[in-house]
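Spelled out, the chains give:
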Amino acid sequence: MRSPPRQAVRDAVARALAEDIGALGDLTASLIPEDCRVAGAIVAREEGVLAGCAAASEAFSQVDPALEVRWQADDGHEVGPGQTLGSVEGPLRSMLTAERTALNFLQHLSGVASITRRWVLATQGKARIWDTRKTTPGLRALEKAAVRAGGGANHRGSLSDFVMVKDNHLTGITIDQAVTRARLQWPGRTVEVECDTHDQVVQAVGAGADLVLLDNMSPKEVASCVATVDRRCLVEVSGGVTMETLGDYIDLGVDLISAGSITNSAPILDIGLDIEIAGKA
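Every chain is numbered on its own, with residues counted from 1 as its sequence reads. Only residues with pLDDT of at least 70 get local features here, since the model is predicted, and only at 80 or more are side-chain atom pairs given and counted; chain-wide, interface and lining totals rely on the full set of residues. The basis for every side-chain value is the complete set of non-hydrogen atoms in the structure, without hydrogens or water.

**Thoughts on the overall build of the protein chain**
Regarding its fold elements, the protein chain presents eight helices and 12 strands. Seen through its principal axes, the protein chain has C-alpha atoms that stretch 75 × 35 × 25 Å. Contacts between residues were defined by any pair of non-hydrogen atoms, one from each residue, lying within 4.5 Å. Across the protein chain, contacts joining residues at least 24 apart in sequence account for 72% of those joining residues at least 6 apart. Each accessible area is a Shrake-Rupley estimate made with a 1.4 Å probe; only the visible protein chains count as cover when residues are assessed. Surface summary for the protein chain: the accessible area is close to 13400 Å², and the carbon and sulfur share equals 50%. Lys and Arg are tallied as positive, Asp and Glu as negative. Neither His nor the chain termini are counted. Where a charge sits is defined by one atom per residue type, namely NZ (Lys), CZ (Arg), CG (Asp) or CD (Glu). Positive and negative charge centroids in the protein chain, built from 27 and 37 side chains respectively, lie 4 Å apart. Strands are runs of DSSP state E lasting at least 2 residues, helices are runs of H or I lasting at least 4, and numbering of each runs from the N terminus.

**Concerning unusual backbone geometry**
The backbone of Q124 shows a phi angle near 55°, a positive value even though the residue is not glycine. Along the chain, the position of Q124 falls in the loop between α3 (92–122) and β6 (128–130).

**A closer look at the side chain of R156**
Here R156 lies in the loop between α4 (140–149) and β7 (163–165). With near-sequence residues (within four places) excluded, R156 lies in contact with R133, K144, D161, F162 and M164.

**Things to note about the nonpolar core**
What makes a nonpolar core is a set of buried Ala, Val, Leu, Ile, Met, Phe, Trp, Tyr and Cys residues whose side-chain atoms join them at distances within 4.5 Å. Only protein chains enter the accessibility calculation, which uses a 1.4 Å probe; a residue is then buried when its area is under 20% of its type maximum, exposed when over 50%, and partly exposed in between. Grouped together as the largest cluster of nonpolar side chains are 79 residues, with contacts concentrated most on F105, W119, V212, L214 and I257. With 12 residues, the single largest contributor to this core is α3. Apart from the residues within four sequence positions on either side, L214 is in contact with C195, V201, V222, C225, V235, E236, V237 and S238.

**Describing helix α6 (residues 198–207)**
When α6 is considered as a whole, its buried residues turn out to be Q200, V201, A204, V205 and A207. Projection of α6 onto a plane perpendicular to its axis shows the buried side chains occupying an angular sector of 165°, all on one side. Among the structural elements, α5 (175–185), β8 (191–195), β9 (211–215) and α7 (219–229) are those in contact with the buried residues of α6. Remark: G208 follows α6 within two positions and exhibits a positive phi of approximately 95°. Working definition: the arc comes from the directions between the helix axis and the C-beta atoms, pointing outward to the latter.

**Description of the packing of α3 against α4**
Whenever a helix is involved, its axis is fitted only over the stretch in contact; in every case the axis is a line through C-alpha atoms, and angles between N-to-C directions fall within 0 to 180 degrees. Running from N to C, α3 and α4 point in directions that differ by 45°, and their axes come no closer than 7 Å. One element, α3, and the other, α4, form an angle in the oblique class. As for the relative orientation of α3 and α4, their crossing is right-handed in sense. Contacts from F105, H108, L109, V112, A113, T116 and R117 of α3 reach α4 at L142, E143, A146, V147 and A149. Oblique is the label for every angle not falling under 35 degrees (roughly parallel), over 145 degrees (roughly antiparallel), or within 65 to 115 degrees (roughly perpendicular). Each crossing is labelled by how the near helix is turned from the far one, with a counterclockwise turn of less than a right angle marking it left-handed and a clockwise turn marking it right-handed.

**Side note on empty space enclosed by the protein**
Put plainly, a pocket is an open set of points on a 1 Å grid over the protein atoms alone with protein on both sides within 12 Å along at least five of seven lines, a cavity is a set where a 1.4 Å probe fits but cannot get out, and a lining residue has an atom within 4 Å of a point. Grid points are joined across faces, edges and corners, and a volume is the space filled by probe spheres set on the points. As enumerated under the stated definition, the model contains one cavity of 30 Å³ or more in all. Approximately 60 Å³ is the volume attributed to the largest cavity. Every residue lining the largest cavity is listed: P4, V9, G52, A54, A55, D75, L109, L142, A145 and A146. Listing elements by their share of the lining of the largest cavity, those giving two or more residues are α2 (53–63) and α4. With three residues, the top contributor of residues to the lining of the largest cavity is α4. A class-by-class count of the residues in the lining of the largest cavity yields eight nonpolar, one polar and one charged. In the scheme used here, Gly and all other residues not listed as nonpolar or charged are polar, with Ala, Val, Leu, Ile, Met, Phe, Trp, Tyr, Cys and Pro taken as nonpolar and Asp, Glu, Lys and Arg as charged.

Right, dumping it as structure tokens:
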């Protein structure tokens, strides 16, 4: 499992801290004596999958390098209520300043990993779960890492990763023209075509697309399209699939099921920081 790019973590944490701390600094924490040192435990309040350890560590480190973070669990680990995930030791002032930013990353990214794991388990290994570009602006690399922590796979990370011809593109170009031009301009790049109808699937396969995305189709329509594709390319299903309807699609022979909800609608995983006074430096 690949970790999120280090620079992406640094930049995301720096923006979050600047937003949270503000121009005058942490006013309330400044009331605490500088020599007050504490130990804190990072604790899961509920069952889920952990993600975001790198971002949480970075938040504490950017606020104060004197804060020492040690993890007892890692991204991708299943955790339960009351489980200690890690510890933080150092100046109380700094720990309180970093606390909310660190927990925000942990809670959100662990929520993404947790819901992804539920989708992955529900497929029973019959299809891969893909994410989408429906991510929080500025947090895509971190959220996609959380999807991987949950056992899912990543679709495009950016528009330059591969060619994906969607319905709005087809207002200005045909499927055959799009695939042909893509092959000429970017040979070797993956070409995917989003299809709303069976006829579009026939066109995409005939043009030589690597993937067809069956968008907002019923299970019956998907089954018909899978038969038409006949393993000549990969088949992705997207749009309208929920945890409640997932079982209707996994036995149809599709390769991939993508869901924007695992990133843009994931509930947080409740994680807290329990602090105890350790004494003075």
